[in-house]
Amino acid sequence: MTQPRQGERVVILGGGLTGISTAFHLGATAPGWLLIEKEARLGGHARTDERDGFHFDKTGHWLHLRSPYGQKLVSELLPDGLIPVERRSRVFSHGALTRYPFQANLFGLPPDVVKECLLGLIEANAKKGGVAEPRNFEEYCRYHFGDGIARHFMLPYNRKLWGVEPREITSEWCSRFVPIPKLSDVVAGAVGANPPELGYNVRFLYPKSGGIETMTRALIARLAVGETRTSTSPDAVLWRERRVLVGGEEIPYRALVATIPLPELLARMEGLPAPIAAAAAKLRCTAVRYLNVALRKPPPADFHWIYVPEEKFPFYRVGIYTNAVPSMAPPGRGSLYVELADRSARPAEDVLRDCLPGLVAAKAVGSAADVLFAEVRELRWAYVVFDDDYFDAVGAIVPFLEANAIYPRGRYGSWTYNSMEDCILAGREVASLVGKQHPDGAP
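Residues numbered from 1 in each chain as written. Predicted model: local features only at pLDDT ≥ 70, side-chain atom pairs only at ≥ 80, totals over all residues. Heavy atoms only, no water.

Caption draft 1: Focus on the pairing of strand S16 (residues 315-320). The element S16 is largely enclosed, with a buried count of six among its six residues. The sheet contact formed by strand S15 (residues 305-307) and S16 spans three bridges and is antiparallel. Residue pairing for S16: Ile306 is matched across the bridge by Val318. Pairing of S16 with strand S17 (residues 334-340) involves five bridges; the strand directions are antiparallel. Residue Phe315 lies in a different strand from S17, and its bridge partner there is Leu340. (Buried < 20%, exposed > 50% of the residue type's maximum accessible area, 1.4 Å probe, protein only. Helix = DSSP H or I, 4+ residues; strand = E, 2+ residues; numbered from the N terminus. Pairing = 2+ DSSP bridges.)

Caption draft 2: Molecular detail of the environment of Leu256. Mapped onto the secondary structure, Leu256 falls in strand S13 (residues 255-258). What makes Leu256 buried here is its relative accessible area of 0%. Considering only alpha carbons, one finds Leu256 and Ala224, 32 residues apart in sequence, at a separation of 19 Å. When sequence neighbours within four positions are dropped, the list of residues in contact with Leu256 reads Val11, Leu13, Val237, Val244, Ala405, Ile406 and Tyr407. (Contact = heavy atoms within 4.5 Å.)

Caption draft 3: Highlighting the environment of Ile406. You can see Ile406 is positioned in strand S19 (residues 406-408). The sequence separation of Ile406 and Gly44 amounts to 362 residues, and the corresponding C-alpha distance is 20 Å. Sequence-distant contacts of Ile406, that is, excluding residues within four places in its chain, are made with Val237, Trp239, Tyr253, Leu256, Ala258, Leu265, Met269 and Leu401.

Caption draft 4: Expanded view of the packing of aromatic side chains. Under the defined criterion, the tally for this structure stands at 24 aromatic pairs. Plain terms: the ring middles of Trp62 and Tyr321 are 6.3 Å apart, the flat faces sit at 55° to each other, and that makes the pair tilted. Note that Trp62 is positioned in the loop between strand S4 (54-57) and helix H2 (68-77) and Tyr321 in helix H9 (residues 321-324), a separation of 259 residues in sequence. Residues Trp62 and Tyr321 agree in their burial class; the two are buried. One aromatic cluster is present, built from ring pairs that chain together Phe54, Phe56, Trp62, Phe204, Tyr206, Trp305, Tyr321, Tyr337 and Phe373. Directly above the ring of Phe373 sits Arg51, whose terminal nitrogen or CZ lies 3.8 Å from the centroid. In this structure, Arg428 packs its charged tip against the face of Tyr69, placed 3.7 Å from the ring centre. (Phe/Tyr/Trp six-rings, centres within 6.5 Å; stacked < 30°, edge-to-face > 60°. Lys NZ or Arg CZ within 6 Å of the ring centre and 35° of its normal.)

Caption draft 5: Spatial organisation of the layout of surface pockets. Put simply, the second largest pocket is a space of about 300 Å³. What lines the second largest pocket is a set of 16 residues, among which Lys127, Val131, Arg142, Tyr143 and Asp147 lie closest to the centre. Of all the elements in the fold, those that place two or more residues in the lining of the second largest pocket are helix H3 (111-127) and helix H4 (137-162). No other element matches H4, which puts six residues into the lining of the second largest pocket. Broken down by class, the residue content of the lining of the second largest pocket amounts to five nonpolar, three polar and eight charged. (1 Å grid on protein atoms, 1.4 Å probe; cavity = no way out; pocket = protein on both sides within 12 Å on 5 of 7 lines; lining within 4 Å. Points joined across faces, edges and corners; volume = space filled by probe spheres on them. Nonpolar A, V, L, I, M, F, W, Y, C, P; charged D, E, K, R; others polar.)

Caption draft 6: Broad picture of the side chain of Asn158. The topology assignment puts Asn158 in helix H4. In this view, Asn158 contacts Phe137, Phe153, Gly163, Val164 and Trp173; residues no more than four positions away in its chain are not counted.

Caption draft 7: The sheet that holds S15, seen in detail. Here we have seven strands laid out as an open sheet, ordered S7-S6-S15-S16-S17-S14-S18, and mixed in their pairing. What marks the edges here is a single partner per strand, and that holds for strand S7 (96-99) and strand S18 (371-384). When the angles between neighbouring strand axes are averaged without regard to direction, this sheet yields 25°. With three bridges connecting them, strand S6 (residues 89-93) and S15 associate as parallel partners. Across the sheet, residue Ser89 finds its bridge partner in S15, namely Trp305. (Axes fitted to C-alpha atoms, helices over the stretch in contact; angles between N-to-C directions.)

Caption draft 8: Seen up close, the pattern of salt bridges. Evaluation of the coordinates by the stated rule reveals 35 salt bridges. For Lys58, the salt bridge identified is with Asp49, shortest N-O distance 3.9 Å. On the accessibility criterion, Lys58 (10% relative accessible area) is buried. Residue Glu168 is joined to Arg284 by a salt bridge in which the shortest nitrogen-to-oxygen separation is 3.1 Å. You can see Glu168 sitting in the loop between H4 and helix H5 (183-190) and its partner Arg284 sitting in the loop between helix H8 (274-280) and strand S14 (285-295), a full 116 residues away along the chain. Given the relative accessible area of 31%, Arg284 is considered partly exposed. (Salt bridge = Lys/Arg side-chain N within 4 Å of Asp/Glu carboxyl O.)

Caption draft 9: Region of interest: the side chain of His152. Following the sequence through the fold, His152 ends up in helix H4. In terms of polar contacts, His152 uses its side chain to reach the side chain of Arg151, at 3.2 Å. For His152, the contacting residues outside a window of four places in its chain are His94, Phe102, Val113, Glu116, Cys117 and Pro309. (Polar contact = N/O pair within 3.5 Å; in protein donor to acceptor, adjacent residues only side chain to side chain.)

Caption draft 10: Here's a closer look at H2. Taken residue by residue, H2 has Tyr69, Gly70, Leu73, Val74 and Leu77 as its buried positions. All buried residues of H2 project into a common sector of 120° when viewed along the axis, lining one side. The elements touched by buried residues of H2 are helix H1 (17-26), strand S5 (82-86), helix H6 (213-220) and helix H13 (420-434). (Arc of directions from axis to C-beta.)

Caption draft 11: Quick look at H13. The first and last C-alpha atoms of H13 sit 21 Å apart over 15 residues, in line with the 21 Å expected at 1.5 Å per residue. The complete set of buried residues in H13 reads Met420, Glu421, Asp422, Cys423, Ile424, Ala426, Gly427, Val430, Ala431 and Val434. Tucked inside the fold, the buried residues of H13 contact strand S1 (10-13), H1, H2, S13, S19 and helix H12 (410-413). (Expected span 1.5 Å × (residues − 1).)

Caption draft 12: Spatial organisation of unusual backbone geometry. For the peptide bond that leads from Tyr100 to Pro101, omega is 0°, which places it in the cis range. Following the sequence through the fold, Pro101 ends up in the loop between S7 and H3. With a phi angle near 65°, Lys363 is a residue other than glycine that sits in the positive phi range. Here Lys363 lies in the loop between helix H10 (348-361) and S18. For Ala405, which is not a glycine, the phi torsion comes out positive at approximately 65°. Positionally, Ala405 belongs in the loop between helix H11 (390-403) and S19.

Following this line, the structure appears as structure tokens:
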């Protein structure tokens with residue numbers, strides 16, 4: 001490929017799934033691309049850690065593919081290398097493991113809880129014509145599900161997950177991710193009549209071995225000619241001059257695709273207009289701390305993951321990798337992740353000690369003696385907070401950036417909540433926008 005002239009290249013900040021997808025879809029036909037990643041290897045959150053034959057993703061990374069293009073691409077990346085899985089997810093509350101979602105599967109809960117939830121839902125449905133549309137997520141939960149379901153699951157679970165009060169979150173983010181069952185389905189689920197599975201993740205795919213990074217590496221292996229720099233982070237984005245400063249070197253670009261977290265990008269851009277700087281200060285995100293746990297024997301439970309709303313438990317979600325894909329651990333053993341409501345920096349042994357009673361009660365772990373090792377990990381950027389300032393802030397920042405040839409994309413570049421497939425498609429879209437290639441995005 002002819003070497004691009006100065007300023008012709010597309011520079012990609014961040015080597016997570018969106019950044020890799022952008023480089024892949026730019027292909028060899030673009031004037032050239034440079035991918036910059038601060039970690040030693042590409043992949044971002046779509047990486048897998050390995051220890052003593054145990055594999056751990058950065059919490060659950062199951063492939064939910066909805067688009068024909070996403071399905072085609074991933075099947076080409078891993079021919080005969082994917083396992084289809086029928087979801088087994090549960091809710092652990094009041095000492096019971098019930099089907100997911102909670103609002104459609106009350107059977108098995110204490111009778112007084114079932115009664116409160118059903119009456120609350122009926123009352124909420126009767127009021128819908130005479131009350132205002134919900135303004136925040138707490139009102140959304142009470143509006144659609146009633147006070148009982150809100151009190152026993154929706155509000156405490158989301159309080160633990162987001163780390164903020166549900167009333168601080170808008171309701172706009174959740175339409176795709178929060179199932180709203182029909183009243184008939186809720187009644188069926190309350191009496192054990194097994195309503196249909198609900199939600200966007202009823203079925204998913206996963207690599208046969210090696211964890212989710214197997215797919216990431218397959219995509220990396222198909223990158224065309226370009227330049228990748230790992231263990232490197234941009235010092236500054238000289239946005240007026242269209243240059244990136246990296247280790248004292250000024251690198252010109254004709255387009256900058258920014259998949260790094262939006263606050264990190266904006267912090268590297270000196271001289272922002274006052275309204276943009278003010279909008280940047282309003283961006284909020286919740287970190288996630290979690291445990292990787294290796295077990296000497298498989299767990300007693302058969303679920304893939306559970307949701308845990310009760311505040312007495314220090315975690316809100318537990319996933320068992322080996323129940324979906326046994327190769328995630330050595331034969332006869334188990335591996336799981338535990339997402340923690342407590343974001344404070346505490347050592348693994350203390351966190352595990354506090355979590356073990358709940359993990360045993362939920363049958364994710366047979367006994368304390370089954371634990372071989374546990375490690376604490378943290379995702380600095382995890383859940384973007386959709387508060388009252390969110391839409392105005394992002395609505396001001398993104399047009400400003402794109403007017404200056406900077407294209408924020410991906411979960412944290414676009415400052416949104418999405419899936420791995422969405423990140424792959426975002427890379428395809430922006431490559432088509434900034435690259436010289438066929439408009440269908442094919443390299």
